[in-house]
Amino acid sequence: MKDKTIDYVLRTTWLAVNKMYNEEAAKFDSTMATGFTLLSIDPEKGTPSTSLGPKMGMEATSLSRILKTMETRGLIERKPNPEDGRGVLIHLTDFGREKRAYSREKVLTFNDTIKKHIPLEKLQSFYEVAEVINELISNKKIYNQKDNILK
């Protein structure tokens, strides 16, 4: 992988992880996106629908479709937010909690397996590199917005 660009390595690795999770989820008639959403919802208090998208790094349109499917499948229910009458809280149903536990188990298995094969100091470096990449992107330090203005 020496001659590969950083974005290529990130993309192909993520696609492999995505495929692996989707293959596991398909065994239980689910998807990785559903599992990720289940894990992002507070199982006790519920989660405001407006904070779920940003928490997951997802666009509202995509999340809306996932939530609609999850509601149809009986994984979640929407309830009025008692602290904000205009807002909605997304709560897990008992079935949703069951599927959440399964998703959590799969994520922990993945993490434990990686930790067994990669020394702690290398994992720390990986997290540090990922953090710097995210900071550079979110602070627009890679492509300056001025560069994108047509002349």
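Owing to the predicted nature of the structure, the values given are computational and were not obtained by experimental measurement.

What counts as what
Residues numbered from 1 in each chain as written. Predicted model: local features only at pLDDT ≥ 70, side-chain atom pairs only at ≥ 80, totals over all residues. Heavy atoms only, no water. Axes fitted to C-alpha atoms, helices over the stretch in contact; angles between N-to-C directions. Helix = DSSP H or I, 4+ residues; strand = E, 2+ residues; numbered from the N terminus. Parallel < 35°, antiparallel > 145°, perpendicular 65-115°, else oblique. Contact = heavy atoms within 4.5 Å. Core = buried A, V, L, I, M, F, W, Y, C linked by side-chain atoms within 4.5 Å. Buried < 20%, exposed > 50% of the residue type's maximum accessible area, 1.4 Å probe, protein only. Expected span 1.5 Å × (residues − 1). Polar contact = N/O pair within 3.5 Å; in protein donor to acceptor, adjacent residues only side chain to side chain. Left-handed = near helix turned anticlockwise from the far one by under 90°. Nonpolar A, V, L, I, M, F, W, Y, C, P; charged D, E, K, R; others polar.

Draft legend 1. Quick peek at the packing of helix 2 (residues 32-40) against helix 4 (residues 60-72). One way to put it is that helix 2 packs onto helix 4 with a least axis distance of 10 Å and a crossing angle of 85 degrees. In terms of their interaxial angle, helix 2 and helix 4 are classed as roughly perpendicular. For the pair helix 2 and helix 4, the contacting residues are Ala33, Thr34, Thr37 and Leu38 in the first and Leu63, Ile66, Leu67 and Met70 in the second.

Draft legend 2. The arrangement of the side chain of serine 103 in detail. You can see serine 103 is positioned in helix 5 (residues 94-117). Once you skip the residues sitting within four places of it in the chain, serine 103 turns out to touch Gly35, Leu38 and Leu39.

Draft legend 3. Fine view of the nonpolar core. Formed by Leu38, Ile41, Leu52, Met56, Leu63, Ile66, Leu67, Met70, Leu75, Ile76, Ile90 and Leu92, the largest nonpolar core amounts to twelve residues. Going through the elements one at a time, helix 3 (49-56), helix 4 and strand 3 (84-92) are the ones with two or more residues in this core. It is helix 4 that contributes the most residues to this core, four residues altogether. With residues up to four places along the chain from it excluded, the contact list for leucine 92 reads Leu38, Ile41, Pro43, Leu75, Ile76, Arg97 and Arg100.

Draft legend 4. View of unusual backbone geometry. A positive phi is found at aspartate 29, a non-glycine position, where the angle reads about 55 degrees. Turning to its location among the elements, aspartate 29 is positioned in the loop between helix 1 (6-26) and helix 2. Overall, the relative accessible area of 59% leaves aspartate 29 in the exposed class. Positive phi is not limited to glycine here, since lysine 140 has a value of about 55 degrees. Position of lysine 140 among the secondary structure elements: in the segment after helix 6 (120-138).

Draft legend 5. How the structure looks around helix 5. Here helix 5 is 24 residues long and its end C-alpha atoms lie 35 Å apart, about the 34 Å a rise of 1.5 Å per residue gives. For helix 5, the complete set of buried residues consists of Gly96, Lys99, Arg100, Tyr102 and Ser103. The elements touched by buried residues of helix 5 are helix 1, helix 2 and strand 3.

Draft legend 6. Quick look at the side chain of asparagine 81. Position of asparagine 81 among the secondary structure elements: in strand 2 (residues 76-81). With relative accessibility at 14%, the residue asparagine 81 sits in the buried group. At a separation of 2.9 Å, a polar atom in the side chain of asparagine 81 contacts the main-chain amide nitrogen of glutamate 83. If sequence neighbours within four positions are ignored, asparagine 81 has contacts with Gly87, Val88 and Leu89.

Draft legend 7. Region of the structure containing the packing of helix 1 against helix 5. Relative orientation of the contacting elements helix 1 and helix 5 amounts to 140 degrees, with a least axis distance of 11 Å. By the angle between their axes, helix 1 is oblique relative to helix 5. Considering only the axes of helix 1 and helix 5, their crossing is right-handed. Contact residues: helix 1 offers Val17, Met20, Tyr21 and Glu24, while helix 5 offers Tyr102, Lys106, Val107 and Phe110. Residues that form the contact of helix 1 with helix 5 fall into these classes: six nonpolar, no polar and two charged.

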